[in-house]
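Now for the letters of each chain:
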Amino acid sequence: MDALAHLTAALPLELLLSPWVLALLGLAIGSFMNVVVHRLPLMMERQWWADAAAQLAEAESFRRVFAAEAPGGLTQAGAALEKTLDALQPLTLSRPRSRCPACGHRIRWHENIPVLSWLWLKGRCSACATRISVRYPLVEIGTAVLFGALAWRLGAEPMTLLWCAVAAVLLTLALIDWDTTLLPDALTQPLLWGGLIVAALGWNTSAGGLTLASALGGAVAGYLSLWSVYWLFKLVTGKEGMGYGDFKLLAALGAWMGWQAILPIVLASSVVGAVVGIGLKMTGGLREGRFMPFGPFLAGGGLMVMLAGLPMVLSWIGWD
């Protein structure tokens, strides 16, 4: 923590890390999160198709070597798939520039100001008047509120920035999982390693200081707890009740908050998830297959512990 504080020693932390300044930062980060939520699953899908094309080519080569046959359908299918992928416009988190999905209108800078642009445009594309989802400004406002609340609770400390980053990743994961039932390794794994590294450097001073042993214990407890539930459910029902991304997400939360936070997070996420699931079932809102992703509720439980503080949450369940 001393090294991190030294890097910012010359900055007026009381100003730069004040709730209002971090809330403004949250608006900008929330705008970028909207891009990540939309594009990262598409980038993953393209990579899956590229891997499929490579596997088709490999399978065809294997078949020809051992069967001594001429090129067959697998080669043609792989080549067609590669040609289709090559024809697509390159897609990253920064390229191409954002456009209206309905008419292709390129979003200009003054149409991309968090919240204000949506209000100014009255929630519609300036070119074709197609509605712009209200979720975009809500994500920006939600991120701003999270950043401001963390700054208010934790104070003007360099570690506050890291907790804001954790909150942003959790919210992004929750939205992606809700939309696609995916928890990308590109987000869960850095979150896990980040928690372990911060604990190893002694920067995480929450709840009296999180040691590397506690962080490792939290990661192991988080992963194995849901892994055990997964296999027990599968043995009893023959079905998969959750994905491996849920294990990794809870492991990451344990790495940041310690093993003591695992039970409160799981309890909170299970209760809220059950209430939401019952509500969706009664209203017919469950998606095809009548399932609901668990990741958003795990992320919500983690955010609850972050905002309330682990000692307070433990006192709520009588474990203090």
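A.B. asks: Explain the nonpolar core here, please?
C.D. replies: As a rule of thumb, soluble globular proteins bury nonpolar side chains together. Formed by 54 residues in total, the largest nonpolar core has its most connected members in Trp163, Leu170, Leu191, Trp256, Met257, Ile265 and Met306. Those residues in contact with Met306 that sit more than four places away from it in its chain are Leu150, Arg153, Trp163, Val166, Ala167, Leu170 and Met257.

A.B. asks: Looking at this structure, I do not really get the packing of helix H8 (residues 185–200) against helix H10 (residues 244–257). What am I missing?
C.D. replies: Any two packed helices are characterised by how steeply their axes cross, that is the angle between the axes, and by the distance between the axes. For the pair H8 and H10, the least separation of the axes is 8 Å and the interaxial angle reads 20°. One way to sum up the angle between H8 and H10 is to call them roughly parallel. Handedness of the crossing formed by H8 with H10: left-handed. Every residue of H10 that contacts H8 at Asp185, Thr188, Gln189, Leu191, Leu192, Gly194, Gly195, Leu196 and Val198 is listed here: Lys248, Leu249, Ala251, Ala252, Ala255 and Trp256. Grouping the constituent residues of the contact of H8 with H10 by class yields nine nonpolar, four polar and two charged.

A.B. asks: How should the packing of aromatic side chains be read in this particular structure?
C.D. replies: Each aromatic ring pair is specified by the distance between its two centres and by the angle formed by the two planes. For the structure on display, the rule yields seven aromatic pairs. Seen in terms of ring centroids, Trp163 and Trp256 are 5.3 Å apart; in terms of plane orientation they differ by 55°. Their pairing is tilted. Here Trp256 lies in helix H10 and Trp163 lies in helix H7 (residues 158–180), a separation of 93 residues in the sequence. Per residue, the accessibility class of Trp163 equals that of Trp256, and both read buried.

A.B. asks: In this structure, what is going on with the packing of helix H6 (residues 135–154) against helix H12 (residues 295–308)? I would like to understand it.
C.D. replies: One can describe the packing of H6 onto H12 by two numbers: an axis separation of 9 Å at closest approach and a directional angle of 35°. In this structure, H6 contributes Leu146, Ala149, Leu150 and Arg153 to the contact, and H12 contributes Leu303, Met306, Leu307 and Ala308. The residue inventory of the contact of H6 with H12, partitioned by class, reads seven nonpolar, no polar and one charged.

A.B. asks: Mind showing me how you'd approach H8 here?
C.D. replies: Along an α-helix, residues three or four apart share an orientation, since each turn contains 3.6 residues. The terminal C-alpha atoms of H8 lie 22 Å apart, and with 16 residues this matches the ideal 22 Å at 1.5 Å per residue to within 8%. All of the buried residues in H8 are Leu187, Thr188, Leu191, Gly194, Gly195, Leu196, Val198 and Ala199.

A.B. asks: Any chance you could explain the environment of Val166 here in plain terms?
C.D. replies: Position of Val166 among the secondary structure elements: in helix H7. With a relative accessible area of 2%, Val166 lands in the buried category. Spatially, the C-alpha atoms of Val166 and Trp256 are 8.8 Å apart, while their sequence positions differ by 90 residues. The contacts of Val166, once residues within four sequence positions are left out, are Leu191, Trp256 and Met306.

A.B. asks: Is there a simple way to think about a nonpolar patch on the surface in this case?
C.D. replies: There is a patch of nonpolar side chains on the surface, built from Trp259, Leu263, Leu267, Met312, Trp316, Ile317 and Trp319 and spanning about 700 Å² of accessible area. Among the elements of the structure, helix H11 (262–283) and helix H13 (310–316) are those that each provide at least two residues to the nonpolar patch. Along the chain, Leu267 falls in helix H11.

A.B. asks: Would you mind showing me how to read the environment of Arg97 here?
C.D. replies: Position of Arg97 relative to the elements: it lies in the loop between helix H4 (73–87) and helix H5 (116–120). Residue classification places Arg97 among the partly exposed residues on the basis of a relative accessible area of 46%. The spacing of Arg97 and Ile107 is 10 residues in sequence and 7.4 Å in space, taken between C-alpha atoms. Those residues within four positions of Arg97 in sequence are excluded, and the remaining contacts are Arg39, Arg106, Ile107, Arg108 and Trp109.

A.B. asks: I would appreciate a short explanation of unusual backbone geometry in the present structure.
C.D. replies: Note: most peptide bonds trans; most residues except glycine with negative phi. Between Arg95 and the following residue, Pro96, the backbone shows a cis peptide bond with an omega angle of -5°. The residue Pro96 is located in the loop between H4 and H5 in this model. In this model, Val115 sits at a positive phi of 65°, which is unusual for a non-glycine residue. With respect to the helices, strands and loops of the structure, Val115 is situated in the loop between H4 and H5. The class for Val115 is buried, based on a relative accessible area of 15%.

A.B. asks: Help me out: how do you make sense of the state of the cysteines in this one?
C.D. replies: Using the criterion set out here, one finds zero disulfides in the structure. Of all cysteine sulfurs, the one in Cys128 lies closest to Cys103, which takes part in no disulfide; the gap is 3.5 Å.

A.B. asks: Just to check I follow, could you spell out the pattern of salt bridges for this structure?
C.D. replies: Oppositely charged side chains can pair when the atoms bearing their charge come close. Within this structure, the stated rule accounts for four salt bridges. Residues Arg108 and Glu111 are paired through a salt bridge, measuring 3.0 Å at the closest nitrogen-oxygen approach. In this structure Glu111 comes out as buried when scored by relative accessible area, which is 8%. Residue Arg135 pairs with Asp179 through a salt bridge whose shortest N-O separation is 2.7 Å. On the criterion of sequence distance, the pair formed by Arg135 in helix H6 and Asp179 in helix H7 is long-range, its members being 44 residues apart. Assessed through its relative accessible area of 29%, Arg135 is described here as partly exposed.

Criteria and cut-off values
- Residues numbered from 1 in each chain as written.
- Predicted model: local features only at pLDDT ≥ 70, side-chain atom pairs only at ≥ 80, totals over all residues.
- Heavy atoms only, no water.
- Core = buried A, V, L, I, M, F, W, Y, C linked by side-chain atoms within 4.5 Å.
- Buried < 20%, exposed > 50% of the residue type's maximum accessible area, 1.4 Å probe, protein only.
- Contact = heavy atoms within 4.5 Å.
- Axes fitted to C-alpha atoms, helices over the stretch in contact; angles between N-to-C directions.
- Helix = DSSP H or I, 4+ residues; strand = E, 2+ residues; numbered from the N terminus.
- Parallel < 35°, antiparallel > 145°, perpendicular 65-115°, else oblique.
- Left-handed = near helix turned anticlockwise from the far one by under 90°.
- Nonpolar A, V, L, I, M, F, W, Y, C, P; charged D, E, K, R; others polar.
- Phe/Tyr/Trp six-rings, centres within 6.5 Å; stacked < 30°, edge-to-face > 60°.
- Expected span 1.5 Å × (residues − 1).
- Patch = residues over 30% accessible without salt bridge, like charges linked within 9 Å, V, L, I, M, F, W, Y side chains within 5 Å.
- Areas by Shrake-Rupley, 256 points an atom, 1.4 Å probe, with all protein chains shown as cover.
- Salt bridge = Lys/Arg side-chain N within 4 Å of Asp/Glu carboxyl O.
- Disulfide = S-S within 2.5 Å.

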